[in-house]
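# Structural overview
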Amino acid sequence: MRIILLGAPGAGKGTIAKMLTDYDGSVQISTGDILRGAVKGATELGEKARGYMERGELVPDSLIMEIMESRLQEPDCRKGFILDGFPRTIPQADALKNLLQKLHLKLDRVINLDVPRDVILDRLTTRRTCSNPNCQEIYNVKSKPPTPDGKCKKCGSPVIQRADETEEAITKRLETYNEKTAPLIQYYRKEGSLKNISSTSSDEIFNNIKATLKAG
Ligand SMILES: [Zn+2]
């Protein structure tokens, strides 16, 4: 399958992408991963990207698109790909459209995971992370608590709430998402490729996506 996964932070894109890649061998591609991959691979494009990242600047769209172009032509993409967190803006969506045309790749669907704001807030504010950088086990105060004194069950280090997972930080991330990325929903709806899925159950979402792709 070739799909784009849209959805706010905390909508569960990562979980769903994992289920889909296990299902048919498609690869999950996120901007962060391909940038890190390009920098690690020490390619010419990676070197350019590293320069921006080291200066703390945003990697320009033109460079992201060049890296995306080479990534989409790697052999592991033959079975399909799931774009997770990309595109993020309308200009990126336009650039992606041109790129896919150039590569003669047709997108099957754009899936929007439509999860209510209170569910996302609850999911992310209850998350806790092991403070040991070599462990980073994820906990949840409701469904997977650490030890009663707040330690990691794997390595015994203190379990903390990440700064970007406080209610204040998440509210801000959701605002940024609504402002920059939510217009993409309208963009793909107009193109007729959007499938909106309102569910909070990953199994239900997974089955819904499979049925959507089968229906064509
Ligand atoms: Zn730990």
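Everything quoted here is computed from the prediction, not taken from an experiment.

### So, the overall build of the protein chain
A count of helical and extended segments in the protein chain gives nine helices and eight strands. Relative to the compact-globule value of 17 Å for 216 residues, the protein chain shows a C-alpha radius of gyration of 18 Å, a close match. For the protein chain, the spread of C-alpha atoms along the principal axes amounts to about 55 × 40 × 35 Å. Burial status across the protein chain gives 42% buried among its 216 residues. For the protein chain, the computed accessible surface area is about 12,000 Å², with 50% contributed by carbon and sulfur atoms. For the protein chain, the distance from the average site of its 34 positive side-chain charges to the average site of its 29 negative ones is 3 Å.

### Some thoughts on helix 7 (residues 167-180)
With 14 residues, helix 7 ought to run about 20 Å at 1.5 Å a step, and its terminal C-alpha atoms sit 20 Å apart, in line with that. Elements that come into contact with the buried residues of helix 7 comprise strand 1 (2-7), strand 4 (109-113), helix 6 (117-125) and helix 8 (183-191).

### Looking at the sheet that holds strand 7 (residues 159-160)
The strands making up a sheet are joined through hydrogen bonds of the backbone, oriented either antiparallel or parallel. Spatially, the three strands line up as an open sheet ordered 6-5-7, and their pairing is antiparallel. Each having just a single partner strand, strand 6 (138-140) and strand 7 make up the two edges of the open sheet. Relative to strand 7, strand 5 (residues 127-130) runs antiparallel, the two being bridged by two bridges. When the sheet's bridge partners are listed, threonine 129 is paired in strand 7 with isoleucine 160.

Calculation rules
- Within each chain, residue numbers correspond to sequence positions counted from 1 in written order.
- Restriction of local features to residues with pLDDT of at least 70 applies here, the model being predicted, together with a cutoff of 80 or more for giving and counting side-chain atom pairs; totals for whole chains, interfaces and linings are based on all residues.
- Side-chain measures here rest on the full set of heavy atoms in the structure, leaving out hydrogens and waters.
- Strands here mean DSSP runs of E at least two residues long; helices mean DSSP runs of H or I at least four residues long; both are numbered from the N terminus.
- Atoms counted for the radius of gyration: C-alpha only. Globule rule: 2.2 Å times residue count to the power 0.38.
- Three labels apply to residues, based on accessible area from a 1.4 Å probe with only protein chains included: buried if under 20% of the type maximum, exposed if over 50%, partly exposed otherwise in between.
- With residues, only the protein chains shown are counted as cover, and all accessible areas are computed by Shrake-Rupley using a 1.4 Å probe.
- Note on charges: Lys and Arg go in the positive column, Asp and Glu in the negative column, and His and the chain ends are not counted at all.
- Charge positions are represented by NZ for Lys, CZ for Arg, CG for Asp and CD for Glu.
- The length a helix should cover is 1.5 Å for every residue beyond the first.
- Residues are treated as being in contact if the distance between any of their heavy atoms lies within 4.5 Å.
- When DSSP finds two or more bridges between two strands, those strands count as paired.

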